[in-house]
Each structure stands twice: as structure tokens, then as C-alpha cells.
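# Results of the structural survey
So the chains spell out like this:
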Amino acid sequence: MSLVVKRYIPLAITFIMGFIMVIATYFLAPGTPARDATALLTATVDVLVVTAGAIGLVALLRHHLMNINKRGRFWQYSTITIIAVIIYLIIGLYGVATHEQRYMYASELFSWVYSNIYVHMDMTIFSLLAFFIASAAYRAFRLRSLEASVLLIVGSLMLLGRAPIGGVIWEGFPAIAEWLLTVPNAAGNRAITIGIAIGAISLAIRQLLGVERGYLGPER
Amino acid sequence: MPTEEKTPFDRRYIYIVLFVLISIPLLYPLNLPIPISPMSQDVWDATVALSPGDIVVHSFDFGPSTLPENEPQCSSHLFHCRELGLRVVAVAFWAAGGPLAHDIISEIYGEGYENTAAYGTEIVYIGYIPGAEVGMQTFGDSTWDAKGTDHYGTSLPDLALMQEVRSVADVTLWAEWTSGTPGEQQVIQFIQGRHQGENTDWPLVRGEHLLPIVAGSTAVSVPGMMPFYSAGQLVGILNGLAGAGEYEKLVNDVYPQYPYEQGPGLDAQSVAHILVILFVVIGNITWAISKSGGGKSS
């Protein structure tokens, strides 16, 4: 593939589309025909999302099929993943084919699988974190240094202040937790947020101007 | 970063102790008093300040993993909105939130609510809008353009309530139930920021009328929201399970028919928090002993 197709055309598309959106956001008033025209561009994101979903499905199947083929690590789970994906896909397509599925989740069977299997499995996995946190509390939090000690004390105050038992032990705990959250935490998070925003603006400008080309893949 | 050390015993004993101790208050609630935090009170105050008929957007942007925290938050607030006579437009910018939202709305407005007279006038559920931040931006600019039909296939212009909601300028309050991205920061960036000053009924924040946003999130995400809360961009926050319990308690005090169900969960959370602190203390004592004994700390 020529350099023009691989490099220059994607860079031109990024530059043109990026600057149209910048101009629309900062220089065109809401409700004007010119601003409304740019809404067409944002609508194309839906098309890209659907395409990305299809690519994701293919990549997932490919990855797990290769793992099974090579008898790789935990290949048995790859088998379960593929079976689950195919069965759920068939259920969804069946719902569409029989017109039972008027909207995204209307098929009774599709909804049943989601509500009664997926939802509970997902909640269970997430709730297991509580056990790991308890174990980590015993193994990891040590008064090794001043910073670690501050982290430990503040963490303990938050644990006491953000549960009803803290207020029962001493009514000052909830107020301390609230202060920690709204003052030192807000200040730290604000600094992080502003730093991230400045970094994102810088990266966006570099991408629009074609200086940052990492998203196009290796230059070969 | 803390260094992980091996336990002198099988860590599964810790899991068993935690499991047993949090099971007790779930089976036999301790009924600990629930203090109402200022952040939860702010959500309540922002909601009761609205007038009957005002339009509230409920955005269900979470997945099943955080359902135990997000569901009681949005359910109690949705109930509160219904009781106050507020009209609700529900959306989901997370695909996983789409079916969850349908179930939660059905609990409050009744099973089959989409076939009642109230649907289209008091409540509309638009469903999942794809595109994440871009979907949010489009919805804020023009609700009809974000998605042609509601969750049930009805064209949005055919719904009386949606005739009044052409953009976010027609909305009085945004309730964001989230556990990630897109979430409250994207609503602030792509909706609140783009439409400031478009509705003079919105409260003044630093001289500009801003769309009021209340949010409910997992406790782990709330610290990241604090800069926006202190700046007035978020008017109130329900902080995790504790925030959900606090709002349920506020609703239950005024509307006793709404059950207060988070008590046992918060009791279990209290026990778990105390247990974690105890584990930290015991872990440090054993570490100090092993260190003073001249042995290797791990």
C-alpha cells in the first residue's frame, strides 16, 4: 500500500474532521444551520460504533479459537466463552427474525438470559472485591514510612466516617470523612483533572497537526 | 505502593471470617442510625425545589456489576420524582444500562408501564443511545436527533412529553446514575458546558445559569467527582451504598410506602469496615513483631 493511502489520506481526514469540529464547537452558535450541519458528522459515530462492535466480535472469536487450537492457558474457559457468545447471538438473531424483538432487549428469552444469568454473574464477580480488600488490608498496609502512615490513617478515618458505625462510635467521624472528601481530596483531584485536560489538549493538537502519528500504527 | 506480604496462614480464613461476620447483620439487622450527609441532602433539596410538571432526565449509565449501589440510588430518586409530580425522560448511554433501566422504571411505575396512559405524558423511556460522549452531545443538542424512537419503538415526536423536550434547554434537572465513562464528567463537558445560560430557570453558578446535575455513583468513583461538586457543577451526590441508604431514608420518612431496605446492607458494610481496620491493625502488629524478632518481614 502506498504511503499516500497509508499515511497522507488518514492524516488529511483527521485534520479536516478535527478542525471542522473545533470550529463548530467554538465559533458556530448553537441552533445555526452551519452548526446543525456538523451534527451529521457526529451521527456517523453510530455507524463506526456498530462496525467496531462487529470487529470486536470477530477479534474475540479469533483470539479464543486460536487459544483452543493451541491448547493455550485456560483454553477450557475459551470454549465456554465461544459457546456463550454463539448461543446469545443466536438468541438475539432469533428474536429479530421472529419479530418478537421490536427493540433492543424485547425478546423474552434474550432478556431472561441477561437478567437472570449475566446480571448475577457480573454482580458476583464485582462483589468478590470485598474479600480481596480484606485480605489485602492484612497483607499490604504497613506503617513503613510517613507517606504510608498518612495513607493508612486517612483510609481508616474514611472507613469509619463513611459507614453508619462510625457515627455511633463518635459523631465526629462522618464530619472528618466529609472534610477529607471535600477539601484535600477535591484539591488533589482538581490538580489531576486539570493536568489530564492540559495533556489531552496537547495530544489533540499534535494529532490534528499530524505531529503525533502513533494511532496510525508503525511507520514502515 | 504498599508491598504485598504473605500471610502466616491460609488467606481463605480471612475470607471465611469476613463472610460469616457480614452475614450476621444481613440476617439480624443491627438497625444502626443513618446520618444524612450534606451531599445526599443536596440531592434531596435540589429535587424538592422543583415544581410539579418540571422535566427531569434520568440517565442510567451503569452495568450490572454496580447494580447493588446504583439501583437503590436511582430507584429512590425516581420514586421521589414520581411522587412530586415531576415528569421523567429516561435514557441510557451504556448498552448494559438499557435493560436495567427498563426493569427499574417498571418497579416504580408498574409492570407494563409503557402501555399505560402515563407513558408519553409523565414518563418516557428513550432507551440506549449509542456513541457514548457523542451520543450525549447529540441528545443535549437535539433529543429527536439522538434517537428516532423510544425503547419501545414509538417515534419520539409522537410522544406528548417529547414534544416539550427538544433539547436539554427544556430540562429542569439531570439525574446521572453512573459507575464509569460516559458518566457525570461527560454530562458536564458535553451537555452542561455546551448549553450554559440557555434556561434562566437553571440556578446561577458564578454568574451563569447552569443545568443542575445530581449524581449517584459507586463510592470508589465519588472522590473524582468532588472538584465538580465544590465548583457547583454537580449540585448533589449520592455516595455509594451509604448515599443510597441515606436517600432511601429521606424518602421513607416522607413517603412511608417506599420501603427502607438498605439498613441491613449498611450494617454489613459497617461490620466489614471495622473488620478491615482490625485486619490492618493485626497485620501491622504481626509485622512489627516479626521485624523486632530479627526475622524476615515477609
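Look up: the structure comes first, before these words.
Residues numbered from 1 in each chain as written. Chains lettered and ligands numbered in written order. Predicted model: local features only at pLDDT ≥ 70, side-chain atom pairs only at ≥ 80, totals over all residues. Heavy atoms only, no water.

### With respect to the pairing of strand β1 (residues 55–61) of chain B
All names here are of chain B. Most of β1 is tucked away: seven of the seven residues are buried. Neither face of β1 is exposed, since Ile-55, Val-57, Ser-59 and Asp-61 on one face and Val-56, His-58 and Phe-60 on the opposite face are all buried. Examined bridge by bridge, β1 and strand β2 (residues 87–92) share five bridges and lie parallel to one another. Among the inter-strand pairings, His-58 is bridged to a residue of β2, identified as Ala-90. (Buried < 20%, exposed > 50% of the residue type's maximum accessible area, 1.4 Å probe, protein only. Helix = DSSP H or I, 4+ residues; strand = E, 2+ residues; numbered from the N terminus. Pairing = 2+ DSSP bridges.)

### Quick look at the pattern of salt bridges
Residue and element names in this part refer to chain B. Counted according to the given criterion, the structure contains six salt bridges over all chains. As a salt-bridge pair, Glu-164 and Arg-87 come within 2.9 Å of each other at their nearest N and O atoms. Pair noted here: Glu-164 is in helix α7 (residues 160–164) and Arg-87 is in strand β2, with a separation of 77 residues, a long-range link. Taking relative accessible area as the criterion, Arg-87 reaches 18% and is therefore assigned buried. (Salt bridge = Lys/Arg side-chain N within 4 Å of Asp/Glu carboxyl O.)

### Notes on a negative patch on the surface
Where like charges cluster on the molecular surface, the negative patch consists of Asp-103, Glu-107, Glu-111 and Glu-261 of chain B. Structurally, Glu-261 of chain B can be placed in the loop between α10 (240–254) and α11 (263–292). (Patch = residues over 30% accessible without salt bridge, like charges linked within 9 Å, V, L, I, M, F, W, Y side chains within 5 Å. Areas by Shrake-Rupley, 256 points an atom, 1.4 Å probe, with all protein chains shown as cover. Lys, Arg positive; Asp, Glu negative; His and termini not counted. Charge placed at Lys NZ, Arg CZ, Asp CG, Glu CD.)

### Here we look at the interface of chain A and chain B
Accessible area lost upon the coming together of the parts serves often as the stated size of an interface. Each partner contributes to the interface: chain A provides 50 residues, whereas chain B provides 66 residues. For the pairing of chain A and chain B, the buried interface totals around 5300 Å² over both sides, and the portion due to carbon and sulfur atoms is 67%. Sorting the residues of chain A by area buried against chain B places Tyr-138, Arg-139 and Arg-162 of chain A first, and these three jointly supply 15% of that buried surface. Our count for the chain A to chain B interface comes out at zero salt bridges. Secondary-structure elements contributing two or more residues to the side of chain A that touches chain B are α1 (3–27), α2 (33–69), α4 (108–127), α5 (129–139), α6 (146–161), α7 (164–169), α8 (172–182) and α9 (184–208) of chain A. (Contact = heavy atoms within 4.5 Å. Buried area = accessible area lost by both parts, 1.4 Å probe.)

### Focus on the packing of α8 of chain A against α9 of chain A
All names here are of chain A. Running from N to C, α8 and α9 point in directions that differ by 20 degrees, and their axes come no closer than 3 Å. It follows that α8 is roughly parallel to α9 by the angle criterion. Where α8 approaches α9, its residues Trp-179, Leu-180, Leu-181 and Thr-182 are matched on the opposing element by Pro-184, Asn-185 and Ala-186. Taken together, the residues of the contact of α8 with α9 break down into five nonpolar, two polar and no charged. (Axes fitted to C-alpha atoms, helices over the stretch in contact; angles between N-to-C directions. Parallel < 35°, antiparallel > 145°, perpendicular 65-115°, else oblique. Nonpolar A, V, L, I, M, F, W, Y, C, P; charged D, E, K, R; others polar.)

### Thoughts on the environment of Val-4 of chain A
Residue and element names in this part refer to chain A. Tracing the backbone through its elements, the reader meets Val-4 in helix α1. Spatially, the C-alpha atom of Val-4 lies 50 Å from that of Trp-112, the residues being 108 residues apart in sequence. Contact partners of Val-4, with chain neighbours within four places excluded, come to Ile-9 and Pro-10.

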